[in-house]
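Descriptive analysis of the structure
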Amino acid sequence: MNDEDNIKYLLKRIAEGNSDAYKDFYDLFYIKIYRFTGYFVKTDYLKEEIVSDVFFSVWQGRKNLPKVEKIEAYLYTSTRNRALYYQNKKTKENTISIENLPIGYSTLYETPESIVITDELKLAVNAAIAELPERCRIIFLMAKEEELKYKEIAEILSISEKTVNAQMVTALKRLAESLRKYINLFFFGF
């Protein structure tokens, strides 16, 4: 059985009211959904509340789960909608916790200088990502962090693939402009 078949079987068992299957489902998707929630809200409490709401609604609608074609897209869309609801109703916060993103950097030589430069580069990248317009930043992080395809992002955000592509082009251009001096220093030493 492949992963997709395993998930479909899990959804079928949840639809039948199997709480162990639901726990397995929760364990499988919790981290992804929690991290995705961070694209919309900053506070851990609010992230937890949103994730709880999403998983509670999954359990409430469990009888319809076998009909869901793409469960990850469904979860991301539900999370986005719930996060936007909380933004509009409970807070006006729309920031992202950049420090929690696992952006991978490596250096060839672990010298004190290279460590300082790497740390500066990390800060510069995080700052540049934070300065992107909200929609552009969310799309960029969904593509790079969650490794979602443009089509999946378009479905989740209810926009066209062309819009996703245009936002990614914008994000990459802005990041390249913001980071030009750090890239020259890091890679070329000037």
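Computed from a predicted structure; not experimentally measured. (Residues numbered from 1 in each chain as written. Predicted model: local features only at pLDDT ≥ 70, side-chain atom pairs only at ≥ 80, totals over all residues. Heavy atoms only, no water.)

To continue, consider the packing of aromatic side chains. Counted by the stated rule, this structure contains 10 aromatic pairs. Look at Phe 25 and Phe 29: their rings are 5.0 Å apart centre to centre, the planes differ by 55°, and that puts the pair in the tilted class. Here Phe 29 and Phe 25 lie together in helix α2 (residues 19-37), a separation of four residues that amounts to about one turn. The class of Phe 25 is buried, set by a relative accessible area of 0%. A relative accessible area of 3% places Phe 29 in the buried class. The interplanar angle of 35° and the centroid separation of 5.3 Å between the aromatic rings of Tyr 26 and Tyr 30 together place this pair among those described as tilted. A residue pair is termed a helical-turn pair when its members lie 3 or 4 positions apart in one helix, as Tyr 26 and Tyr 30 do in helix α2 at four residues. Judged by its relative accessible area of 29%, Tyr 26 falls in the partly exposed class. In this structure Tyr 30 comes out as buried when scored by relative accessible area, which is 17%. A connected cluster of aromatic rings, assembled from ring pairs, spans Phe 25, Tyr 26, Phe 29, Tyr 30, Tyr 34 and Phe 55. Just above the ring of Trp 59 sits the side chain of Arg 62; from NZ or CZ to the centre is 4.1 Å. (Phe/Tyr/Trp six-rings, centres within 6.5 Å; stacked < 30°, edge-to-face > 60°. Helix = DSSP H or I, 4+ residues; strand = E, 2+ residues; numbered from the N terminus. Buried < 20%, exposed > 50% of the residue type's maximum accessible area, 1.4 Å probe, protein only. Lys NZ or Arg CZ within 6 Å of the ring centre and 35° of its normal.)

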